[in-house]
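A closer look at the structure
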Amino acid sequence: MDTKTQNLADYRRLIEISRDLASTLDLDTLLYRIVRVAAEIANAEEASILLYDDVARQLHFQVATNMELPNMRGVDVPLEGSIAGWIVTHREPVRIGDVQDDSRYFDGVENATSYATQSILGVPMITKDKIIGVLEVLNKKEGHFTDVDEELLLVLGAQAAVAIDNTRLFQQSDLISEFVHELRTPLASLSTATYLLLRPEISPKQHDQIVNNIHSETLRLSALASSFLDLSRLESGRTHFHYETFSIEKLFNECREIMQTKAAEENIEVEIDMPSDFPSLQADPNKIKQVILNLLSNAIKYNRSNGTVTLEARKEKEQIRLTVKDTGYGIPEEAMPHLFKKFFRVHETESKVAGTGLGLSISKQIVQGHKGSIEVKSKSGKGTSFIIRLPLRSTRD
Ligand SMILES: Nc1ncnc2c1ncn2[C@@H]1O[C@H](COP(=O)(O)OP(=O)(O)OP(=O)(O)O)[C@@H](O)[C@H]1O
Ligand SMILES: [Mg+2]
């Protein structure tokens, strides 16, 4: 193919892609599509996207074509002293033959992933005059990145910016309307409670009961607000994961300690079952703790008195399996497909046990953000197990 025909083919591909990009409103799927296409049209080894956080004024890695590198996601890149930062502040593309010679090169990512970068072409992703992030292609397979590569990548970057912006807007409006809907019930009961408090004829006993109600409803509202913020950050890709190497056994023990009082109230035993030589995990310890705490809190809340909860860890080749198992009443068959949906709660227990219905959605987002998976198995009358699989560490270690 001569260069002209090749160019034409590339532009055609771009038009196809813009249609394709518009067809998804799931941020992660969208970003993966973009990086795959970027690497393909620029004939590069890898491509990645860094999203810009204008509050923290820094960039962080969101996706790369080679995402078996789990510890790359969430790596923060400073605005000062990085090529991507330069692209954000100058709103211009950068093309470099050998980054090791360039003073703007930030080696934090290379250190975290052990992926050696040589040549780089990066473009800003801008829409409505707002900078969304940076699209980069790394290591041209043959020769150097060309003017045409730069032009194509700029077009792709602009399309990507629009698509990312749309996805975020969509998610926000979706989430906000659901949130407002969820606010209505606690607000209605607060308003009834305060109305009753103002009545002169209520007894001191009733008074105390109402104040207790108000207290638990406000606690629920505040839990709802913070869970809601967590989830909206996770869904819009604004959550930063800070990878560290840590012990699962220590994490399990900390979680058990935190939930001890709750477990003791119902005389529930929390057991830990794991091999003594269990390898350490490379992940964000606080986020993984949040997941285990939510699953453990569910296993206690939805258990029966004198029941048992087991926190189990097993190694499976290059991944680990963490299971939170309980001896509760189980989850009805018809509820299973909805469990990980926002605000979903099983009807039968909804009014007996306090909760927001966001814990499992948050947990799923965190696990998927670590390139892992979460599944549930439940037997009516016997109990429930939530099973998480996580990559042990970067494959390039
Ligand atoms: N181990 C379990 N056994 C039985 N049902 C469960 C279990 N875990 C979760 N569920 C059901 O799934 C629903 C959703 O769980 P999720 O953790 O998302 O929300 P929640 O526990 O209701 O609220 P939150 O976690 O915000 O306090 C629960 O309301 C409950 O009906
Ligand atoms: Mg929960």
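First, a word on scope: everything that follows refers to the structure included in this document. All figures in this text were calculated on a predicted structure; none of them were measured in a lab. (Residues numbered from 1 in each chain as written. Chains lettered and ligands numbered in written order. Predicted model: local features only at pLDDT ≥ 70, side-chain atom pairs only at ≥ 80, totals over all residues. Heavy atoms only, no water.)

Let's talk about the sheet that holds strand β11 (residues 319-326)
Strand order in this open sheet of five strands is β8-β10-β11-β13-β12, and the pairing throughout is mixed. Strands with a single pairing partner mark the edges of an open sheet, and in this sheet they are β8 (269-273) and β12 (373-379). Geometrically, the sheet is characterised by an average inter-axis angle of 15° between neighbouring strands, direction not taken into account. Sheet analysis places β8 next to strand β10 (residues 308-316), joined by five bridges and oriented parallel. Each bridged residue has a counterpart across the sheet, and for Ile272 the counterpart in β10 is Leu311. Here helix α7 (residues 248-265) sits on the sheet in contact with β8, β10 and β11, set at roughly 175° to β8. (Pairing = 2+ DSSP bridges. Helix = DSSP H or I, 4+ residues; strand = E, 2+ residues; numbered from the N terminus. Axes fitted to C-alpha atoms, helices over the stretch in contact; angles between N-to-C directions. Contact = heavy atoms within 4.5 Å.)

Observations regarding the coordination of the magnesium ion (ligand 2)
The magnesium ion (ligand 2) binds to the protein through Asn294 (OD1) and Asn298 (OD1), with metal-donor distances spanning 2.2 to 2.6 Å. Within this pair, Asn294 and its partner Asn298 are both found in helix α8 (residues 285-301), separated by four residues, close to a single helical turn. Asn298 gets classed as buried once you look at its relative accessible area, which sits at 12%. (Donors = N, O, S within 2.8 Å, 3.2 Å for Na, K, Ca; no water. Buried < 20%, exposed > 50% of the residue type's maximum accessible area, 1.4 Å probe, protein only.)

Examining the sheet that holds strand β1 (residues 44-53)
Spatially, β3-β2-β1-β6-β5-β4 is the arrangement adopted by the six strands of the open sheet, whose pairing is antiparallel. Looking at the sheet topology across the chains shown, the edges are occupied by β3 (76-78) and β4 (94-96). Here the average twist between neighbouring strands, direction ignored, is 25°. Bridge count for β1 against strand β6 (residues 130-140) is seven bridges, and the pairing is antiparallel. In the sheet register, Ala44 faces β6, and the bridge partner there is Lys140. Against the sheet, helix α5 (residues 147-197) engages β1, β4, β5 (120-127) and β6, with an angle of about 40° to β5.

Examining the pattern of salt bridges
Close approach of charged atoms lets side chains of opposite charge pair. Taken as a whole and assessed by the stated rule, the structure comprises 16 salt bridges. For Arg95, the salt bridge identified is with Glu150, shortest N-O distance 2.9 Å. With Arg95 in strand β4 and Glu150 in helix α5, this residue pair connects regions lying 55 residues apart in the sequence. In this structure Arg95 comes out as partly exposed when scored by relative accessible area, which is 36%. A salt bridge links Glu316 to Arg321, with the shortest nitrogen-to-oxygen separation between them at 2.8 Å. Among the residues examined, Glu316 registers a relative accessible area of 22% and is labelled partly exposed. Arg321 gets classed as partly exposed once you look at its relative accessible area, which sits at 21%. Here the residues in one salt-bridge network are Glu312, Glu316, Arg321, Lys325, Glu375 and Arg389, joined through shared partners. (Salt bridge = Lys/Arg side-chain N within 4 Å of Asp/Glu carboxyl O.)

Notes on the environment of His347
By the element assignment, His347 lies in helix α9 (residues 347-350). Between the C-alpha atoms of His347 and Ala335, which are twelve residues apart in sequence, the distance is 8.8 Å.

A closer look at unusual backbone geometry
Residue Arg57 is not a glycine yet carries a positive backbone phi of 50°. For Arg57, the position within the fold is in the loop between β1 and β2 (58-64).

Brief notes about helix α6 (residues 204-235)
When the terminal C-alpha atoms of α6 are compared, their 46 Å separation across 32 residues agrees well with the 46 Å that a helix rising 1.5 Å per residue should span. Every buried residue belonging to α6 is among Ile210, Ile214, Leu221, Leu224, Ser227, Phe228, Leu231, Ser232, Leu234 and Glu235, and all of these are buried. Looking at the buried side of α6, the elements it contacts are α2 (27-42), α5 and α10 (359-369). Just past α6, the residue Gly237 takes up positive phi, approximately 75°. (Expected span 1.5 Å × (residues − 1).)

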